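Spelled out, the chains give:
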Amino acid sequence: MSALSRLWQAWLATLKTIASDKGVVLILGLAPLIYGFFYPWPYGTQVVTRVPVAVVDLDHSNLSRQITRYVQASPRVEVRLITGDEHTAQQALWVGEIEGFAVLPRDLKRSVLRGTPAVVTVQANGSYALLNKAVSYGFSEAIGTVSAGVEIAKLEAAGQGALQAQASRSPISTQLVALFNPTEGYGSYVVPAVALLILQQTLLMGVGMLVGLWCETGQNRADAFTWLGRLLAFCTVGWANGLLYFGWIYWLQDFPRGGNPGGALVLLACYVPAICTLGALLGVWFGNRERALQVLLFTALPVIFVSGFSWPSESLPPLLQHLRWLFPSTAGIQASLKLNQMGAPLSDVAGLLGLLSLLALGCGGWLLRVTRLRQP
């Protein structure tokens, strides 16, 4: 039998084995599809709105009431409590009825009229970053709007016209535009990166389980062309899952996409083989179907933290800064964000693609060497 025939038969036999193994089908076929629909679901609204807050009004002036009305009009927060007792607001925060409150101090209006600084204190629950951000921004925007109105009124009282007062108050206008995340939503930030991790973890577990089973039954003793056919079958499934995310899930969930579709295909061509060869090598090392699943199932969280998108890589210990490149997801996530979301050319990610290719060649060569050593 020719080498090409052995490769073709191994590819076809591996696909049939994957299709007949319920556990592997669940991980390689159904899990990516389920994750693609249900993982982005909680982030569907993209931004946090109507966060419950309270206003502690110690001034009881028309200025403090105006600030309260502007806070009530903010879409970021929802005023659940207006009180003159700060202790009452603190109790509501501690029991979870609200996520933050602002204290409008006594003599607020008098300080503003005198031109002396007036400090409005905002306290929020720092346990949840998104809620804390919504509370801080909601109060800051409302207070800033009222403050701008007071400054413009003073300038008009000094003899300036309305337009001149607005220009004097803000001589240089700024406009913030989010280039690669237009909605500034959390889902658009986290899902496109985590999608690469989902592809990696499902492929690693599925390939590791099947190769571990082959080790138990002695089928890992095969020639190089047979292993190439097997790896090609695993890559076929991985490429299909990658196209599902890049071509449909991103579109269905309306995440930033399509910056460089050709580059994204090149990325998949390098990323998936690196994962499959690593998964096969780990499967041979574990030598057991269940052990591959048990170990790899708990590696997702550490891997996402060292990838460099959710936690600054500079803050990692020096050893981890080097070891993290052994995971294909580190280079894959960085390259995907640049190609898919930012529209970078391939030349900007050439180093990352080269690293993925080296991982694929290195793990593949080691795999063939290990299986050859195990031959009788």
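Let us look at the structure shown here. (Residues numbered from 1 in each chain as written. Predicted model: local features only at pLDDT ≥ 70, side-chain atom pairs only at ≥ 80, totals over all residues. Heavy atoms only, no water.)

What follows concerns helix α3 (residues 62-73). For α3, built from 12 residues, the straight-helix expectation of 16 Å at 1.5 Å per residue is met to within 8% by its first-to-last C-alpha distance of 17 Å. Where α3 is concerned, the buried positions are Leu63, Ser64, Ile67, Thr68 and Val71. Down the axis, α3 shows its buried residues gathered within 145° of arc, on one side only. (Helix = DSSP H or I, 4+ residues; strand = E, 2+ residues; numbered from the N terminus. Expected span 1.5 Å × (residues − 1). Buried < 20%, exposed > 50% of the residue type's maximum accessible area, 1.4 Å probe, protein only. Arc of directions from axis to C-beta.)

In this section: empty space enclosed by the protein. Inspection of the entire model under this criterion finds one cavity of 30 Å³ or more. Quantified by volume, the largest cavity comes out at close to 30 Å³. Surrounding the largest cavity, Tyr35, Gly36, Tyr39, Pro40, Val191, Ala195, Ile198, Tyr245 and Ile249 form its lining. The element contributing the most residues to the lining of the largest cavity is helix α8 (residues 186-217), with three residues. Residue composition of the lining of the largest cavity, grouped by class: eight nonpolar, one polar and no charged. (1 Å grid on protein atoms, 1.4 Å probe; cavity = no way out; pocket = protein on both sides within 12 Å on 5 of 7 lines; lining within 4 Å. Points joined across faces, edges and corners; volume = space filled by probe spheres on them. Nonpolar A, V, L, I, M, F, W, Y, C, P; charged D, E, K, R; others polar.)

With that out of the way, let us pick up the packing of aromatic side chains. Under the definition given, this model contains eight aromatic pairs. Look at Phe37 and Trp248: their rings are 5.6 Å apart centre to centre, the planes differ by 80°, and that puts the pair in the edge-to-face class. Here Phe37, found in helix α2 (residues 22-38), pairs with Trp248, found in helix α9 (residues 224-253); they are 211 residues apart in sequence, far enough to count as distant. Owing to a relative accessible area of 36%, Trp248 belongs among the partly exposed residues under this scheme. (Phe/Tyr/Trp six-rings, centres within 6.5 Å; stacked < 30°, edge-to-face > 60°.)

The next thing to look at is the pattern of salt bridges. Think of it this way: side chains of opposite charge can pair up when their charged atoms draw near. Taken as a whole and judged by the stated rule, the model has four salt bridges. In this structure, the salt-bridge partner of Asp223 is Arg6, at a minimum N-O distance of 3.4 Å. Of this pair, Asp223 sits in the loop between α8 and α9 while Arg6 sits in helix α1 (residues 3-20), placing them 217 residues apart in sequence. A residue is classified by how much of its surface remains accessible, and Asp223, at 29% relative accessible area, is partly exposed. A salt bridge links Glu141 to Arg76; its shortest N-O distance comes to 3.1 Å. In this pair, Glu141 sits in helix α6 (residues 129-157) while Arg76 sits in the loop between α3 and β2 (77-83), placing the two residues 65 residues apart along the sequence. (Salt bridge = Lys/Arg side-chain N within 4 Å of Asp/Glu carboxyl O.)

A word on the state of the cysteines. According to the stated counting rule, one finds zero disulfides in the structure shown. Cys363 provides the cysteine sulfur closest to Cys215, a residue in no disulfide bond, and the two sulfurs are 15 Å apart. Residue class for Cys215 comes out buried when judged on its relative accessible area of 15%. (Disulfide = S-S within 2.5 Å.)

Right, let's talk about α2 for a bit. At Leu30, α2 shows its largest kink, close to 45°, and the proline Pro32 lies no more than four residues downstream. Within α2, the full set of buried residues consists of Val24, Ile27, Leu28, Ala31, Pro32 and Gly36. Packing partners of the buried residues in α2 comprise α1, α8, α9 and α11 (289-296). Two or three places before Gly23, at the opening of α2, Asp21 has a side-chain oxygen 3.1 Å from that residue's backbone nitrogen. (Bend = angle between axes of the 7 residues up to and from the residue. Contact = heavy atoms within 4.5 Å. Polar contact = N/O pair within 3.5 Å; in protein donor to acceptor, adjacent residues only side chain to side chain.)

Let's shift gears to the layout of surface pockets. There is about 470 Å³ of room inside the largest pocket. Looking at the largest pocket, it is lined by 20 residues, and the ones nearest its centre are Tyr39, Val194, Leu197, Ala300 and Leu301. Taken together, the elements giving at least two residues each to the lining of the largest pocket come down to α2, α8 and α12 (300-306). Top element by residues in the lining of the largest pocket is α8. It accounts for nine residues. Taken together, the residues of the lining of the largest pocket sort by class into 17 nonpolar, three polar and no charged. The volume enclosed by the second largest pocket comes to roughly 360 Å³. Lining the second largest pocket are 17 residues, with Leu278, Leu282, Leu323, Leu326 and Phe327 positioned closest to its centre. For the lining of the second largest pocket, the residue count by class is 13 nonpolar, three polar and one charged.

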